[in-house]
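# Descriptive analysis of the structure
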Amino acid sequence: MEKSVVNFNPTHSKYIEYIMALSGKKLIRLGYPEGPVIGLALSVIQQHYKKLKKEELNILLKTVLENPSEYTEHEYLGSIAKSLLPPQGTPKSFELRKNNPAFAIYGGADIEPIALNQMETAMCLPIAQEGALMPDAHPGYGLPIGGVLATQNAVIPYGVGVDIGCRMCMSIYDLPTQKLEQDKNTFTKMLMDHTRFGHATFQKPIDHAVLERKEFKEIPIAQSLKDRAYKQIGSSGGGNHFVEFGLVEIVDAHNEYQLPLGEYLAVLSHSGSRGLGASIANYYTKLAMQTCQLPQHAKHLAWLDLDSEAGQEYWLAMNLAGDYASACHHQIHERLSQAMGEQARVRIENHHNFAWKEQNAQGDEIIVHRKGATPAGKGALGIIPGSMTSPGFIVRGKGNSLSINSTSHGAGRVMSRTKAKKNLSAKVVKQHLQKAGITLIGSGLDEAPMVYKDIHQVMAHQKELVEIIGKFIPKIVRMCGDHRFIEVD
DNA sequence: ATGTCC
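Note that the structure is a prediction, hence the values are computed from the model and not measured.

As a further point, take the protein's contact with DNA strand B. For DNA strand B, the set of nearby residues contains 27 residues, the closest of which are Arg228, Gln232, Gly239, Asn240 and Lys286. Of all DNA strand B atoms lying within 4 Å of any protein atom, the proportion belonging to sugar or phosphate reaches 61%. Between DNA strand B and the protein, one listed contact pairs a phosphate oxygen with a side-chain N or O atom of asparagine 240 at 2.4 Å. Looking at the surface near DNA strand B, the elements with two or more residues in it are α2 (24-29), α3 (36-48), α11 (220-232) and α12 (274-291). Residue contributions to the surface near DNA strand B peak at 6 residues, all from α12.

Here is the structure:
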C-alpha cells in the first residue's frame, strides 16, 4: 500500500458506526498481536483517525501492520509502528524464591486467604525487599488490594493498580452544620448538578494546567489519551467512587489545621484517574509482561526496570495520571465550593494507589508500591473512608516501618460484588440507609454498606500505624449508577 | 477501575 493512504482526510459519516464497533478483538482479527499495541492503536485511532471510513481505516491499519519500519517516524502512527516491531530489550524469565520473606500483616484472621496468598507470591519476587498487608486487604490482580510492596529500582504497574492515583480529597467549610439537614434538597441538587459519574462527563469541561503537561506530548500512549482526559476531567469514576457531603468531628485539639474541636460541614470525594490512568496501567503492564516473564500465577506482577526506557516512561506516565486524578478532585471540590458560595477552610488529600521513591531503614532508596494503602509516614495526613453508614477518619501517620509507613485505604470488602448483587435486597438496603439518615444518589447493591468490614475493627487493627485527628460522618452521598436509592422528597 | 484489549 502507498504511504499516501495515511494522509486521507475524507469526511464520511459512516465512520462513527465503525469506530463504535471497532474493538481490540477486531484489531486482533486483522492480525494485530495481543499485547500493548492493541490499546495503543485503539486510542490513536480515536484521537487522530475518527474521520476515516471503515475500508480506509482497515487499509491504514493493515499497511502499518505489514510494514511497521516504514512508519516509525510518522506523527501519529509512529507509536503503533514501533510497538509492532520486536520489543526493545530481550524478554527475560525470572524464577520466584522458594519461600517468601516475612512481612507484617495487620488484621490477622480477618484477611482473606487469597489476598494473603497473593502477598506471599509478591514477596517471592526477586526484586521484593519488604512488604506489608493492611487490615482491609482483599484479592486483586497481581498485588492484593491493601498490599504494600517495596522493591529496588523496579516498578510493577499492577503493584500500583489499574486506577493510578486513586485518591481521597476532603474540604472542610466554615458553614453551620445544621444547614446540611435544613437545606438537604439544595445540597442534594448540588451533587446532581456539579458531579458526573462513570460514562457521564461535563458538557463544558474546565481546563486545567495538568492538560498542558509535556508528558502528553512526549509519551505516545499519553498523547493518544489526551482528548479523553480533557473530556473526563472533573468527573468521578464508577464502582466504589463517591462524592459526599457530611459532618466532620475534630477530636485532636493539636491538629495541624488549627481547627478548634467541634463539628464542621465537609465534602469528601473518592476517585481516580479515569480512562487515562486505566489505559496507562494496562499498556505498561502488557509491556512489562513481554519483557519480564514470570510463572503463570505471578504473571501480573511483571515489573519494569527503572533504568530501562519503558520503566522511566511508566514512572512519568504514572505521575501524570496521579496529578490528573488530583486535578479531577480539585475541580469536583471547586464546583461544589462555587455552588455553596463558600471557599474551603481546609483541604486534606492523599493517593492510595501509587508508587513512591522512599528510603528504607538503611537509608537506601526503595520503590514503595501502595495498592489500596494510605501513606502513613511520621506526620503524614490522610483520609481513611468507612462506608456510607459508618465514619471515615482523618489520620496522622506514626511512621511505623513495619507497615512501610502505610495504613489501610478504607474498611475493605467482606462480600464480593457478585455475592452482593445476588444476596442483598434493595428493600433491606434502603431501610438500612433510611435508618442511618443517609440520602443516596446512584450506587448499586454491590456498594451497599453491609458489603464492607466494620471500620472500627479495621482501625483497631492499625492503632500502631495512625492516630485519629477527626471523624467524618456521611450524610448525602452520590455514586455511579441509576437513581434507584434516591431519597429526595 | 475501564468505551476498546484480557
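With respect to the helices and strands, lysine 371 occurs in strand β13 (residues 365-371). Buried and unpaired, lysine 371 has no salt bridge, with aspartate 163 as the nearest side chain of opposite charge at 12 Å. A polar atom in the side chain of lysine 371 sits 3.0 Å from the backbone oxygen of tyrosine 158.

Along its sequence, chain A is organised into domain 1 (16-84) and domain 2 (167-478). Between the C-alpha centres of domain 1 and domain 2 there is a distance of 34 Å. When domain 1 packs against domain 2, the two sides together hide about 880 Å² of surface, and 55% of this comes from carbon and sulfur. In terms of surface lost to domain 2, no three residues of domain 1 exceed Pro36, Leu40 and Gln47, which account for 57% of the buried area on that side. Connecting domain 1 to domain 2 are 0 salt bridges. Applying the counting rule to domain 1 against domain 2 returns 3 residue pairs in polar contact (both at pLDDT 80 or more). Within the residue set of the side of domain 1 that touches domain 2, elements represented by two or more residues are α3 and α5 (78-84). No other element matches the 5 residues that α3 contributes to the side of domain 1 that touches domain 2. Here the residues of the side of domain 1 that touches domain 2 sort into 3 nonpolar, 5 polar and 2 charged.

Here is what the cut-offs are and how they apply
Residues numbered from 1 in each chain as written. Chains lettered and ligands numbered in written order. Predicted model: local features only at pLDDT ≥ 70, side-chain atom pairs only at ≥ 80, totals over all residues. Heavy atoms only, no water. Near = heavy atom within 4 Å. Polar contact = N/O pair within 3.5 Å; in protein donor to acceptor, adjacent residues only side chain to side chain. Helix = DSSP H or I, 4+ residues; strand = E, 2+ residues; numbered from the N terminus. Buried < 20%, exposed > 50% of the residue type's maximum accessible area, 1.4 Å probe, protein only. Lys, Arg positive; Asp, Glu negative; His and termini not counted. Salt bridge = Lys/Arg side-chain N within 4 Å of Asp/Glu carboxyl O. Domains from an automatic or database assignment. Buried area = accessible area lost by both parts, 1.4 Å probe. Nonpolar A, V, L, I, M, F, W, Y, C, P; charged D, E, K, R; others polar.

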